[in-house]
Structure formats: C-alpha cells, structure tokens
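Chain by chain, the residues:
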Amino acid sequence: MNGRPPYPRVSPCAHCDRPVLRDNDDLWIHANLAYVCRDRWGGVTATTAAPLQPPQRL
C-alpha cells in the first residue's frame, strides 16, 4: 500500500470548490473530468485541480 486512502478519494477543490479526485495517472482532476478550474460563469481560470487541505490539528 502506498500510504494513501483507497481510490477514489474525493475532496473539494482548493481553488473552485468543485469535487476533485485522482485520475489513473495519480493526478488530481475535477469530477467533470476537467483538469483546469472554471469560474462560476464557466470561464477557464489560471488554476488546476488541487484538493483542499484539511486544517492542521494542534
């Protein structure tokens, strides 16, 4: 096991809040199969799919 939770692990995108998961090449991708983020009007933004990091416990 590689230390990651079982595939697929779904998380909100850190940039656009849409769901993201890992693709077959271990890259993050949005659930609609787009790598790039889109704004609320559907325009492409300068960011790509990335999971929202959970808050750090102190």
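Residues numbered from 1 in each chain as written. Predicted model: local features only at pLDDT ≥ 70, side-chain atom pairs only at ≥ 80, totals over all residues. Heavy atoms only, no water.

Asks: Before we go on, may I ask you to explain the pairing of strand E5 (residues 44–48) in this structure?
Replies: Consecutive residues of a regular strand have side chains that alternate between opposite faces of the sheet. Where strand E4 (residues 36–38) lies against E5, two bridges are found, and the strand directions are antiparallel. Of the residues in E5, the one forming a bridge with Arg 38 is Val 44. With antiparallel pairing between neighbouring strands as the criterion, E4 and E5 make up a hairpin whose turn holds five residues, including Gly 42 at a positive phi of roughly 95 degrees. (Pairing = 2+ DSSP bridges. Helix = DSSP H or I, 4+ residues; strand = E, 2+ residues; numbered from the N terminus.)

Asks: Help me understand the environment of Arg 9, please; the structure alone is not making it clear to me.
Replies: Considering the arrangement of structural elements, one finds Arg 9 in the segment before strand E1 (11–12). Look at Arg 9 and you get partly exposed, because its relative accessible area is 41%. Residues Arg 9 and Val 20, 11 residues apart in the sequence, show an inter-C-alpha distance of 8.3 Å. With sequence-adjacent residues up to four places away left out, Arg 9 is seen in contact with Val 20, Leu 21 and Trp 28. (Buried < 20%, exposed > 50% of the residue type's maximum accessible area, 1.4 Å probe, protein only. Contact = heavy atoms within 4.5 Å.)

Asks: What is the right way to read the side chain of Ser 11 from this model?
Replies: As for its placement among the helices and strands, Ser 11 is situated in strand E1. Here Ser 11 falls in the buried class, since its relative accessible area comes to 7%. Non-local contacts of Ser 11, meaning those with residues more than four positions away in its chain, are made with Arg 18, Pro 19, Val 20, Pro 51 and Leu 52.

Asks: What is the right way to read the pairing of strand E2 (residues 19–22) from this model?
Replies: In the sheet, E1 pairs with E2 via two bridges, with the strands oriented antiparallel. Among the inter-strand pairings, Pro 12 is bridged to a residue of E2, identified as Pro 19. Linkage of E1 to E2, two consecutive antiparallel strands, is achieved through a turn of six residues, within which Asp 17 is found at a positive phi near 70 degrees. Direction of pairing for E2 relative to strand E3 (residues 28–30): antiparallel, over a ladder of three bridges.

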